[in-house]
Amino acid sequence: MIRPDREIQVMGIINLNDDSFYAPSRHNMAILDSGADIIDLGAVSTRPGSKGVSPEEEWQRLEPVLKAVDPSACISIDTYSSEVAERAADLLGRWYIVNDISAGEDDPRMLETVGRLGLGYVAMHKRGTPETMQSMCDYDDVTGEVLDYFRDFAVKADAAGIKDWVLDPGFGFAKNVEQNYTMMRELERFSELGRKILVGISRKSFIYRPLGISPADSLPAVTAMHLVALMNGADILRVHDVAEARQAIELYRNYSSI
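One structure accompanies this document, and this report is about it. (Residues numbered from 1 in each chain as written. Predicted model: local features only at pLDDT ≥ 70, side-chain atom pairs only at ≥ 80, totals over all residues. Heavy atoms only, no water.)

Points about the packing of aromatic side chains
Item 1. With the rule as written, the count across this model stands at six aromatic pairs.
Item 2. Summarising the aromatic geometry, the rings of Phe171 and Phe206 are spaced 6.2 Å apart at their centres and angled 20° between planes, so their arrangement reads as stacked. Here Phe171, found in the loop between strand 6 (165-168) and helix 5 (177-185), pairs with Phe206, found in helix 6 (residues 205-208); they are 35 residues apart in sequence, far enough to count as distant.
Item 3. Where Tyr181 meets Phe206, the ring centres are 5.2 Å apart and the plane angle is 75°; that geometry is what we call edge-to-face. Pair noted here: Tyr181 is in helix 5 and Phe206 is in helix 6, with a separation of 25 residues, a long-range link.
Item 4. Here the aromatic residues Tyr121, Tyr149, Phe150, Phe153 and Trp165 are joined through ring pairs into a cluster of three or more.
Item 5. A cation sits over an aromatic face here: Arg127 above Tyr139, 3.9 Å from the ring centre. (Phe/Tyr/Trp six-rings, centres within 6.5 Å; stacked < 30°, edge-to-face > 60°. Helix = DSSP H or I, 4+ residues; strand = E, 2+ residues; numbered from the N terminus. Lys NZ or Arg CZ within 6 Å of the ring centre and 35° of its normal.)

A short note on the nonpolar core
Item 1. Counting 70 residues, the largest nonpolar core has Tyr96, Tyr121 and Val199 as the members making the most contacts within it.
Item 2. With residues near it in sequence (within four places) discarded, Tyr96 still touches Ile75, Ile77, Val84, Ala85, Glu86, Ala88, Ala89, Leu119 and Gly120.
Item 3. Of all hydrophobic cores here, the second largest spans seven residues; its members include Ile38, Val122, Val166 and Ile236. (Core = buried A, V, L, I, M, F, W, Y, C linked by side-chain atoms within 4.5 Å. Buried < 20%, exposed > 50% of the residue type's maximum accessible area, 1.4 Å probe, protein only. Contact = heavy atoms within 4.5 Å.)

A word on the sheet that holds strand 3 (residues 75-78)
Item 1. Sheet architecture is open: eight strands sit in the order 6-5-4-3-2-1-8-7, paired in parallel fashion. In this open sheet, the two edge strands, each paired with only one partner strand, are strand 6 and strand 7 (198-199).
Item 2. The pairing of strand 3 with strand 4 (residues 97-100) spans three bridges and is classified as parallel. Across the sheet, the residue bridging to Asp78 is Asn99, located in strand 4.
Item 3. Together, strand 5 (120-124) and strand 6 form the strand contacts of helix 4 (residues 142-160), whose direction differs from that of strand 6 by roughly 160°. (Pairing = 2+ DSSP bridges. Axes fitted to C-alpha atoms, helices over the stretch in contact; angles between N-to-C directions.)

A short note on helix 7 (residues 219-231)
Item 1. Taking 1.5 Å of rise per residue, 13 residues should cover 18 Å, and helix 7 covers 18 Å from first to last C-alpha, within 8% of that figure.
Item 2. All buried positions along helix 7 are accounted for by Leu219, Ala221, Val222, Thr223, Met225, His226, Ala229 and Leu230.
Item 3. Where helix 7 is buried, its residues touch helix 5, strand 7, helix 6, strand 8 (236-239) and helix 8 (242-257).
Item 4. At the exit of helix 7 stands Gly233, carrying a positive phi of roughly 115°. (Expected span 1.5 Å × (residues − 1).)

So, the side chain of Asp78
Item 1. One can find Asp78 in strand 3.
Item 2. Among the residues examined, Asp78 registers a relative accessible area of 9% and is labelled buried.
Item 3. Only 3.2 Å separates the side chain of Asp78 from the side chain of Arg238, close enough to count as a polar contact. (Polar contact = N/O pair within 3.5 Å; in protein donor to acceptor, adjacent residues only side chain to side chain.)

Describing the side chain of Thr113
Item 1. Mapped onto the secondary structure, Thr113 falls in helix 3 (residues 110-117).
Item 2. With relative accessibility at 0%, the residue Thr113 sits in the buried group.
Item 3. Apart from the residues within four sequence positions on either side, Thr113 is in contact with Ser82 and Glu86.

Description of the environment of Asp235
Item 1. With respect to the helices and strands, the residue Asp235 is situated in the loop between helix 7 and strand 8.
Item 2. Between the C-alpha atom of Asp235 and that of Leu198, which follows or precedes it by 37 residues, the distance is 6.0 Å.
Item 3. Discounting residues that sit within four places of it in the chain, Asp235 has contacts with Arg3, Arg6, Glu7, Ile8, Gln9, Arg195, Lys196 and Ile197.
Item 4. Polar contacts involving the side chain of Asp235 include one to the main-chain amide nitrogen of Ile197, which spans 2.9 Å.

Next comes the structure, spelled out in structure tokens:
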């Protein structure tokens, strides 16, 4: 999908916990000044094998940062808790994005809350929980089954009054290495739903493990995969490294405009 004039955004990651799989992203407040289009704040780790925390503990981590953030910043909160989403709306008093790895499945009040508050929403595909998801990678057609999942989600979102939602295929969540690459090759199939496509692959194991390197050494490979994602239709890149993501976007625009 080559469209050099389309809007492409960079979402910069700040993990407000001490359990993220990529240690430099923990409390990396420099992202606030990185020029990212969207700042994604996450107070609960969702890496494979991680355990959840209570909404109260999540909010204790998140609240002081929300109070300190620039009011003009476009904020995304990486949460699957409707209680946290509602508290954030009360505190911020303005529009923001809920980035939900469960697409509303982990909290039955989430979709209703987002619709009622008129928030932006990122719906991600996964199976199970972070503790169990890597044992749930059985697909006959991974892209087709994830696409069907979002067809069903579109109906739920409409019923909940959610107008502004983004599709995240969930790279690394209940997908093995082969399935992640298959889904990347077929990313353009998701465009049929008419939603922006978010790709979150930064420093993930399906990129670095086949290369025999660590997350810390994976930035060149990740940047290459970001360019592939853009060529295949990604609209938002969720990243740990904003400057390099912008370089990938510039390369995409140069390539596609010649």
